[in-house]
Amino acid sequence: TRTLAIIGAMDVEVALIAKTLENVQEHTRAGVTIFDGTMPGTDIRVVATVAGMGTVNAAATTQHLIDVYEPECLLFSGIAGNLTDHLHINDVVLGKTLVYLDTDMRMISQSAPFTNEYHSDAHLLEVASTVLSEMSIEHLAGTIATGNTFVEGEAAERVKELTGADAVEMEGAAVAHVAARNEVPVLILRSLSDNADTEYETFHEFDVSVYADNAAAIVLNIVKK
Ligand code: ADE
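Residue numbers run consecutively from 1 along every chain, following the written order of its sequence. Selection of residues for local features in this predicted model requires a pLDDT of at least 70, selection of side-chain atom pairs for listing and counting requires 80 or more, and totals for whole chains, interfaces and linings are taken over all residues. Processing note: side-chain calculations cover all non-hydrogen atoms of the structure and skip hydrogens and water entirely.

A few words on the overall build of the chain. Comment: elements are numbered from the N terminus, with helices defined as DSSP H or I runs of at least four residues and strands as E runs of at least two. Scanning the chain for helices and strands turns up 8 helices and 10 strands. A globule of 225 residues ought to have a C-alpha radius of gyration of about 17 Å, and the chain, at 16 Å, matches this closely. Reported as C-alpha extents along the three principal axes, the dimensions of the chain are approximately 45 × 40 × 30 Å. Evaluated residue by residue, the chain yields a buried proportion of 54% over its 225 residues. Counting only contacts in the chain whose residues sit at least 6 apart along the sequence, the fraction spanning at least 24 positions is 75%. Note on areas: these come from Shrake-Rupley sampling with a 1.4 Å probe, and a residue is covered only by the protein chains present in the view. Approximately 10200 Å² of the chain is accessible, and the part contributed by carbon and sulfur atoms is 48%. Only C-alpha atoms enter the radius of gyration, while the globule expectation follows 2.2 Å times N to the 0.38, with N the number of residues. Note on exposure labels: buried denotes an accessible area under 20% of the residue type's maximum, exposed denotes more than 50%, and partly exposed covers the range between, all computed with a 1.4 Å probe on protein chains only. Between two residues, a contact is recorded if the distance between any of their heavy atoms is within 4.5 Å.

Set out below in C-alpha cells:
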C-alpha cells in the first residue's frame, strides 16, 4: 500500500484529518502522537501528526515520520499570515519556494541539500492547483517565509521587504528542508488566517479552526486525487 504523511503544527490543523481517517491507530513516539489510518474510499495509508510549532518541532517530526513510515510524500497542512495585497483570509498559498526568515544561509547551505531555499514538489503543486481550482478557492503558488517568531504589527512590512514572500508561518521551510535532505517530495499548503499585522494577544483569541479546516479539507482532496 501507498503511505502518505500529513503534518500540521497545531491541534486544529490536524483535527479534521484525524477525524476523517478510518481504522485509526494512535502511536506516541518522539514527542508526538501519530494518527495512522486509511483514507476513506481508498487503500492509501495516511500518517498524520501535530508537530508542534516552530522549526525544531517541524524538523524533528518530519525526520521521525520519514524514518518510521517511509512515506512517498509529505503534505503540510496549516495556516499562515498573508503578506500580499491581493489575497484574503481563507485564500491559499502553496509554498513553491520556502525560505527562512532568521537564518544565515551562508552557513546552513554548506550542508545537504546545499541550497539557499527549498521547494514543494512540482507534481504535488500541480495536483494541489487542480484541486484548489475545482474547489473554487483563490490560490497562488509562491514564496513562504518561515521563522520562529509570530509576525505581528509593524513586523509584517519588514518581512515583506526582507523576503518578498507571499505568506509567513513557522514550519514550512524546516519541513521542506528535511524533506530535501531525505529526497522525499513535499507540499507546503497554507490557508491564510491573518494579515501578519495582528497583535498576538488579539490573534490567539481568534478561532482559527475555520482556516485550519479549510487547509485540511484541501489536503484530504489532494490525497484522494
Ligand atoms: N501563522 C499564522 N499567522 C502567522 C503569523 N502572523 N506569523 C507567523 N505564523 C503565522
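So that's the structure; there's more coming.
Pairing of aromatic rings covers Phe, Tyr and Trp, the last counted by its six-membered ring, and requires centre-to-centre distances within 6.5 Å; plane angles under 30 degrees mean stacked, over 60 mean edge-to-face, and any other angle means tilted. Within this structure, the stated rule accounts for 4 aromatic pairs. Between Tyr100 and Tyr118, the ring centres sit 5.8 Å apart and the planes meet at 75°, which makes this aromatic pair edge-to-face. Taken together, the residues Tyr100 in strand E6 (residues 92-100) and Tyr118 in strand E7 (residues 118-119) connect sequence positions 18 residues apart. For Tyr100, a relative accessible area of 16% translates into the label buried. Considering the side-chain rings of Phe150 and Phe203, the 4.7 Å spacing of their centres and the 40° angle between planes classify their relative orientation as tilted. In this pair, Phe150 sits in the loop between strand E8 (139-146) and helix H5 (155-163) while Phe203 sits in helix H7 (residues 200-203), placing the two residues 53 residues apart along the sequence. Residue Phe150 is classed as partly exposed on the basis of its relative accessible area, which comes to 22%.

Note on definitions: angles span 0 to 180 degrees between N-to-C directions of axes, and those axes are lines fitted to C-alpha atoms, for helices only across the stretch in contact. One way to put it is that helix H2 (residues 55-69) packs onto helix H6 (residues 172-182) with a least axis distance of 8 Å and a crossing angle of 35°. In this structure, H2 crosses over H6, and the sense of that crossing is right-handed. Contact residues: Thr55, Ala58, Ala59, Thr62, Gln63 and Ile66 in H2; Ala174, Val175, Val178, Ala179 and Asn182 in H6. Lys, Arg, Asp and Glu make up the charged group, whereas Ala, Val, Leu, Ile, Met, Phe, Trp, Tyr, Cys and Pro make up the nonpolar group; the residues left over, Gly among them, are polar. Classifying every residue of the contact of H2 with H6 gives 7 nonpolar, 4 polar and no charged. By definition, any crossing whose near helix is turned counterclockwise from its far helix by less than a right angle is left-handed, and any crossing with a clockwise turn is right-handed.

Along helix H1 (residues 11-20), the positions that sit buried rather than exposed are Glu13, Val14, Ile17 and Ala18. Down the axis of H1, the buried set is contained in an arc of 110°. They therefore lie on one face. Away from its buried face by more than 90 degrees, H1 exposes Asp11 and Lys19. The reported arc concerns the directions from the helix axis to the C-beta atoms and nothing else.

Okay, the packing of H1 against helix H8 (residues 209-224) next. Remark: H1 packs on H8, axes separated minimally by 7 Å, with the N-to-C direction vectors making an angle of 45°. On the basis of the axis angle, H1 is oblique to H8. Every pair of crossing elements has a handedness; the one defined by H1 and H8 is right-handed. Contacts between H1 and H8 involve Val12, Glu13, Leu16, Ile17 and Thr20 on the former and, on the latter, Ser209, Ala212, Asp213, Ala216, Ala217 and Leu220. Should an angle lie under 35 degrees it is considered roughly parallel, over 145 roughly antiparallel, and from 65 to 115 roughly perpendicular; all remaining angles are considered oblique.

Take the pattern of salt bridges next. Here, a salt bridge means any Lys or Arg side-chain nitrogen found within 4 Å of an Asp or Glu carboxyl oxygen. In the structure shown here, the tally under the stated rule is 8 salt bridges. As a salt-bridge pair, Arg2 and Glu72 come within 2.8 Å of each other at their nearest N and O atoms. With Arg2 in the segment before strand E1 (3-8) and Glu72 in the loop between H2 and strand E5 (73-82), this pair connects stretches of sequence that are 70 residues apart. On the basis of relative accessible area, Glu72 is assigned to the partly exposed category, the value being 35%. Residue Lys225 pairs with Glu134 through a salt bridge whose shortest N-O separation is 2.8 Å. Placement of Lys225 in the segment after H8 and of Glu134 in helix H4 (residues 122-134) is noted, with a sequence separation of 91 residues between them. As far as burial versus exposure is concerned, Lys225 and Glu134 are alike and both exposed.

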